[in-house]
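An overview of the molecular structure
As a plain string of letters, each chain reads:
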Amino acid sequence: MICLNLPTNNAIMNIILIAMIALNVIISYKGFQDFIFLRKYEFHIGSIRAGEQIRMLSSGFLHADWGHLGFNMLTLYFFAPVVLGYLGNFYFLIIYLGSLIFGNLLTLLFHKDDYSYRAYGASGAVTGVLYSAILFEPNMGIYLFFIPIAIPAYIFGMLYLLYSIYGMKAKNDNIGHTAHFGGAIGGYLITLINEPQMLTENTNIVILLAVPIVLLFIMAKLGKL
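Residues numbered from 1 in each chain as written. Predicted model: local features only at pLDDT ≥ 70, side-chain atom pairs only at ≥ 80, totals over all residues. Heavy atoms only, no water.

Quick look at the packing of aromatic side chains
One pass over the structure, following the stated rule, counts twelve aromatic pairs. Ring centres of Tyr 86 and Phe 136 lie 4.5 Å apart, and the angle between their planes is 10°; this geometry places the pair in the stacked category. Taken together, the positions of Tyr 86 in helix α5 (residues 66–110) and Phe 136 in helix α6 (residues 123–136) put the pair 50 residues apart, joining distant regions of the chain. With a centroid separation of 6.3 Å and 45° between ring planes, the pair formed by Phe 92 and Tyr 96 is classed as tilted. In this pair, Phe 92 and Tyr 96 both sit in helix α5, four residues apart, roughly one turn of the helix. By the burial criterion, Phe 92 is buried, and Tyr 96 matches it. Three or more aromatic residues joined by ring pairs form one cluster here, namely Tyr 29, Phe 32 and Trp 66. Lying across the ring of Phe 37, Lys 30 places its NZ or CZ 5.7 Å from the centre. (Phe/Tyr/Trp six-rings, centres within 6.5 Å; stacked < 30°, edge-to-face > 60°. Helix = DSSP H or I, 4+ residues; strand = E, 2+ residues; numbered from the N terminus. Buried < 20%, exposed > 50% of the residue type's maximum accessible area, 1.4 Å probe, protein only. Lys NZ or Arg CZ within 6 Å of the ring centre and 35° of its normal.)

So, α6
Each full turn of the α-helix corresponds to 3.6 residues, which orients residues three or four apart in the same direction. Taking 1.5 Å per residue, 14 residues should reach 20 Å; α6 reaches 20 Å between its end C-alpha atoms and fits that length. Summarising burial for α6: 14 of the 14 residues are buried, a large majority. (Expected span 1.5 Å × (residues − 1).)

Concerning helix α7 (residues 153–170)
Over its 18 residues, α7 extends 25 Å from the first C-alpha to the last, a length consistent with the 26 Å expected when each residue adds 1.5 Å. Of the positions making up α7, those classed as buried are Ala 153, Phe 156, Gly 157, Met 158, Leu 161, Ser 164, Ile 165, Gly 167 and Met 168. Lys 171 occupies a position one or two residues after α7 and carries a positive phi of about 50°.

Quick word on the packing of helix α8 (residues 177–194) against helix α10 (residues 203–221)
For the pair α8 and α10, interaxial distance at closest approach is 11 Å and the crossing angle is 135°. Classified by the angle their axes make, α8 and α10 are oblique. Here α8 and α10 pass one another in a crossing that is left-handed. Residues Phe 181, Ile 185, Tyr 188 and Leu 192 of α8 lie in contact with α10, whose contacting residues are Val 206, Leu 209, Ala 210, Pro 212, Ile 213, Leu 216 and Phe 217. (Axes fitted to C-alpha atoms, helices over the stretch in contact; angles between N-to-C directions. Parallel < 35°, antiparallel > 145°, perpendicular 65-115°, else oblique. Left-handed = near helix turned anticlockwise from the far one by under 90°. Contact = heavy atoms within 4.5 Å.)

Re the side chain of Glu 195
Within the element layout of this structure, Glu 195 appears in the loop between α8 and α9 (198–201). Although Glu 195 lies buried, it forms no salt bridge, and the closest oppositely charged side chain, Lys 221, sits 33 Å away as judged by the N-O distance. Beyond its immediate chain neighbours, meaning those up to four positions away, Glu 195 contacts Leu 87 and Phe 136. (Lys, Arg positive; Asp, Glu negative; His and termini not counted. Salt bridge = Lys/Arg side-chain N within 4 Å of Asp/Glu carboxyl O.)

Digging into the nonpolar core
Buried together is how nonpolar side chains tend to be arranged in soluble globular proteins. Formed by 53 residues in total, the largest nonpolar core has its most connected members in Leu 76, Tyr 96, Phe 181 and Tyr 188. Of all the elements in the fold, those that place two or more residues in this core are α1 (11–33), α5, α6, α7, α8 and α10. Residue contributions to this core peak at 15 residues, all from α5. If sequence neighbours within four positions are ignored, Phe 181 has contacts with Leu 106, Leu 161, Ser 164, Ile 165, Met 168, Pro 212, Ile 213 and Leu 216. Grouped together as the second largest cluster of nonpolar side chains are six residues, Phe 43, Ile 45, Met 56 and Leu 108 included. (Core = buried A, V, L, I, M, F, W, Y, C linked by side-chain atoms within 4.5 Å.)

Below you can see the structure in the form of C-alpha coordinates.
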(Lines give C-alpha, C1' and ligand atoms only; values in the text may rest on other atoms or scores of the structure.)
Protein backbone atom coordinates (compact mmCIF):
# COMPACT_ATOMS: atom_id res chain seq x y z
CA MET A 1 0.00 0.00 0.00
CA ILE A 2 1.21 3.53 -0.77
CA CYS A 3 0.05 6.81 0.71
CA LEU A 4 0.38 10.12 -1.07
CA ASN A 5 1.18 13.71 -0.08
CA LEU A 6 3.26 12.86 2.98
CA PRO A 7 4.57 15.77 5.07
CA THR A 8 8.27 16.50 4.62
CA ASN A 9 10.32 15.14 7.54
CA ASN A 10 13.78 16.21 8.66
CA ALA A 11 17.00 14.20 8.88
CA ILE A 12 16.58 13.37 12.56
CA MET A 13 13.14 11.97 11.91
CA ASN A 14 14.54 9.83 9.11
CA ILE A 15 17.19 8.48 11.48
CA ILE A 16 14.51 7.56 14.05
CA LEU A 17 12.50 5.69 11.44
CA ILE A 18 15.55 3.93 10.01
CA ALA A 19 16.67 2.96 13.52
CA MET A 20 13.26 1.40 14.28
CA ILE A 21 13.27 -0.53 11.02
CA ALA A 22 16.86 -1.67 11.64
CA LEU A 23 15.96 -2.88 15.13
CA ASN A 24 13.12 -4.97 13.71
CA VAL A 25 15.40 -6.42 11.03
CA ILE A 26 18.21 -7.28 13.46
CA ILE A 27 15.99 -8.92 16.09
CA SER A 28 13.86 -10.72 13.50
CA TYR A 29 16.97 -12.06 11.76
CA LYS A 30 18.22 -13.38 15.08
CA GLY A 31 14.86 -15.15 15.46
CA PHE A 32 15.11 -16.60 11.96
CA GLN A 33 18.47 -18.12 12.83
CA ASP A 34 17.80 -19.14 16.44
CA PHE A 35 14.57 -21.01 17.17
CA ILE A 36 15.26 -21.00 20.93
CA PHE A 37 15.59 -17.19 20.85
CA LEU A 38 12.29 -16.96 18.96
CA ARG A 39 10.50 -19.17 21.46
CA LYS A 40 12.00 -17.27 24.41
CA TYR A 41 10.75 -13.84 23.30
CA GLU A 42 7.61 -14.50 21.24
CA PHE A 43 4.11 -13.66 22.51
CA HIS A 44 2.95 -16.77 24.38
CA ILE A 45 -0.10 -16.65 26.64
CA GLY A 46 1.08 -19.35 29.03
CA SER A 47 4.50 -17.77 29.55
CA ILE A 48 3.10 -14.26 29.95
CA ARG A 49 0.57 -15.41 32.53
CA ALA A 50 3.45 -17.13 34.33
CA GLY A 51 5.17 -13.76 34.67
CA GLU A 52 7.30 -13.31 31.54
CA GLN A 53 6.01 -9.81 30.80
CA ILE A 54 8.99 -8.94 28.59
CA ARG A 55 7.26 -10.92 25.84
CA MET A 56 4.60 -8.18 25.66
CA LEU A 57 7.29 -5.96 24.14
CA SER A 58 9.89 -8.30 22.65
CA SER A 59 7.36 -10.19 20.49
CA GLY A 60 6.74 -7.00 18.52
CA PHE A 61 10.26 -7.11 17.09
CA LEU A 62 10.11 -10.72 15.90
CA HIS A 63 8.61 -11.94 12.61
CA ALA A 64 7.71 -15.24 10.99
CA ASP A 65 9.76 -14.73 7.82
CA TRP A 66 11.21 -12.11 5.47
CA GLY A 67 7.85 -11.54 3.79
CA HIS A 68 6.12 -10.84 7.10
CA LEU A 69 8.94 -8.51 8.14
CA GLY A 70 9.08 -6.75 4.77
CA PHE A 71 5.36 -6.03 4.61
CA ASN A 72 5.31 -4.54 8.12
CA MET A 73 8.41 -2.43 7.57
CA LEU A 74 7.20 -1.20 4.17
CA THR A 75 3.91 -0.07 5.70
CA LEU A 76 5.79 1.63 8.54
CA TYR A 77 8.08 3.36 6.02
CA PHE A 78 5.11 4.84 4.16
CA PHE A 79 3.05 6.02 7.13
CA ALA A 80 5.55 6.88 9.86
CA PRO A 81 6.56 10.18 8.18
CA VAL A 82 3.02 11.50 8.68
CA VAL A 83 3.14 10.94 12.43
CA LEU A 84 6.74 12.13 12.66
CA GLY A 85 5.85 15.26 10.72
CA TYR A 86 3.03 16.19 13.08
CA LEU A 87 4.26 14.92 16.45
CA GLY A 88 8.02 14.58 16.23
CA ASN A 89 10.34 11.83 17.39
CA PHE A 90 9.32 11.33 21.01
CA TYR A 91 5.58 10.99 20.47
CA PHE A 92 6.13 8.85 17.39
CA LEU A 93 7.99 6.38 19.61
CA ILE A 94 5.23 6.61 22.22
CA ILE A 95 2.62 5.78 19.58
CA TYR A 96 4.74 2.96 18.12
CA LEU A 97 5.52 1.27 21.44
CA GLY A 98 2.15 2.10 22.99
CA SER A 99 0.30 0.56 20.03
CA LEU A 100 2.50 -2.53 20.26
CA ILE A 101 1.50 -2.94 23.92
CA PHE A 102 -2.19 -2.19 23.19
CA GLY A 103 -2.18 -4.85 20.49
CA ASN A 104 -0.72 -7.45 22.82
CA LEU A 105 -3.02 -6.45 25.69
CA LEU A 106 -6.11 -6.92 23.53
CA THR A 107 -4.74 -10.26 22.33
CA LEU A 108 -4.14 -11.29 25.94
CA LEU A 109 -7.69 -10.24 26.83
CA PHE A 110 -9.33 -12.19 24.00
CA HIS A 111 -7.11 -15.30 24.28
CA LYS A 112 -6.36 -15.35 28.02
CA ASP A 113 -7.59 -18.93 28.46
CA ASP A 114 -5.70 -20.31 25.46
CA TYR A 115 -2.37 -21.00 27.15
CA SER A 116 -0.83 -22.35 23.93
CA TYR A 117 -1.54 -19.21 21.88
CA ARG A 118 1.63 -17.87 20.22
CA ALA A 119 2.25 -14.83 18.02
CA TYR A 120 4.89 -12.33 16.95
CA GLY A 121 5.26 -9.36 14.65
CA ALA A 122 5.21 -5.57 14.58
CA SER A 123 1.71 -5.47 13.11
CA GLY A 124 0.11 -3.96 16.22
CA ALA A 125 2.68 -1.17 16.38
CA VAL A 126 2.52 -0.52 12.64
CA THR A 127 -1.29 -0.49 12.62
CA GLY A 128 -1.23 2.04 15.46
CA VAL A 129 1.07 4.30 13.43
CA LEU A 130 -1.20 3.81 10.42
CA TYR A 131 -4.33 4.77 12.37
CA SER A 132 -2.57 7.80 13.85
CA ALA A 133 -1.51 8.89 10.36
CA ILE A 134 -5.09 8.57 9.15
CA LEU A 135 -6.31 10.85 11.95
CA PHE A 136 -3.83 13.51 10.79
CA GLU A 137 -4.33 13.03 7.05
CA PRO A 138 -7.77 11.38 6.60
CA ASN A 139 -8.04 12.29 2.91
CA MET A 140 -4.63 11.12 1.73
CA GLY A 141 -4.89 8.53 -1.00
CA ILE A 142 -3.94 4.92 -0.39
CA TYR A 143 -3.26 2.52 -3.26
CA LEU A 144 -3.67 -1.19 -2.55
CA PHE A 145 -1.23 -3.29 -4.52
CA PHE A 146 -2.38 -3.30 -8.16
CA ILE A 147 -5.68 -1.43 -7.71
CA PRO A 148 -5.21 1.81 -9.71
CA ILE A 149 -7.72 3.86 -7.70
CA ALA A 150 -6.69 5.70 -4.55
CA ILE A 151 -8.87 5.02 -1.49
CA PRO A 152 -9.33 7.89 1.01
CA ALA A 153 -7.37 6.95 4.12
CA TYR A 154 -10.30 7.20 6.54
CA ILE A 155 -12.35 4.78 4.45
CA PHE A 156 -9.41 2.38 4.26
CA GLY A 157 -8.99 2.60 8.06
CA MET A 158 -12.60 1.72 8.71
CA LEU A 159 -12.62 -1.14 6.20
CA TYR A 160 -9.34 -2.50 7.57
CA LEU A 161 -10.71 -2.73 11.11
CA LEU A 162 -14.01 -4.21 9.90
CA TYR A 163 -11.98 -6.86 8.08
CA SER A 164 -10.01 -7.45 11.30
CA ILE A 165 -13.28 -8.06 13.15
CA TYR A 166 -14.24 -10.58 10.47
CA GLY A 167 -10.85 -12.27 10.82
CA MET A 168 -11.18 -12.44 14.60
CA LYS A 169 -14.61 -14.04 14.25
CA ALA A 170 -13.79 -16.41 11.38
CA LYS A 171 -10.48 -17.67 12.84
CA ASN A 172 -9.60 -19.18 9.45
CA ASP A 173 -6.03 -17.91 9.04
CA ASN A 174 -2.80 -17.38 10.98
CA ILE A 175 -3.01 -13.57 11.01
CA GLY A 176 -3.03 -11.81 14.39
CA HIS A 177 -6.15 -9.76 13.71
CA THR A 178 -6.63 -9.02 17.42
CA ALA A 179 -3.17 -7.45 17.69
CA HIS A 180 -3.88 -5.34 14.60
CA PHE A 181 -7.10 -4.11 16.14
CA GLY A 182 -5.53 -3.42 19.53
CA GLY A 183 -2.71 -1.53 17.84
CA ALA A 184 -5.22 0.64 15.98
CA ILE A 185 -6.97 1.42 19.28
CA GLY A 186 -3.62 2.40 20.78
CA GLY A 187 -2.70 4.69 17.89
CA TYR A 188 -6.17 6.24 17.92
CA LEU A 189 -6.29 6.94 21.67
CA ILE A 190 -2.69 8.12 22.08
CA THR A 191 -3.04 10.49 19.13
CA LEU A 192 -6.26 12.00 20.51
CA ILE A 193 -4.73 12.39 23.96
CA ASN A 194 -1.85 14.33 22.41
CA GLU A 195 -4.05 16.23 19.95
CA PRO A 196 -7.42 16.72 21.74
CA GLN A 197 -8.36 19.56 19.37
CA MET A 198 -9.10 16.87 16.78
CA LEU A 199 -12.28 16.11 18.72
CA THR A 200 -13.69 19.52 17.77
CA GLU A 201 -11.78 20.33 14.57
CA ASN A 202 -12.26 16.96 12.85
CA THR A 203 -15.18 15.49 14.75
CA ASN A 204 -16.72 13.52 11.88
CA ILE A 205 -13.48 11.67 11.07
CA VAL A 206 -12.84 10.92 14.75
CA ILE A 207 -16.35 9.45 15.08
CA LEU A 208 -16.14 7.45 11.85
CA LEU A 209 -12.82 5.90 12.83
CA ALA A 210 -14.29 4.98 16.23
CA VAL A 211 -17.21 3.05 14.69
CA PRO A 212 -15.33 -0.28 14.17
CA ILE A 213 -13.80 0.02 17.66
CA VAL A 214 -17.21 0.45 19.29
CA LEU A 215 -18.62 -2.36 17.14
CA LEU A 216 -15.88 -4.74 18.28
CA PHE A 217 -16.66 -4.25 21.96
CA ILE A 218 -20.42 -4.49 21.38
CA MET A 219 -19.91 -7.82 19.58
CA ALA A 220 -17.58 -9.03 22.34
CA LYS A 221 -20.12 -8.05 24.99
CA LEU A 222 -22.85 -9.94 23.12
CA GLY A 223 -20.61 -13.00 22.71
CA LYS A 224 -20.49 -12.68 18.93
CA LEU A 225 -16.71 -13.13 18.64
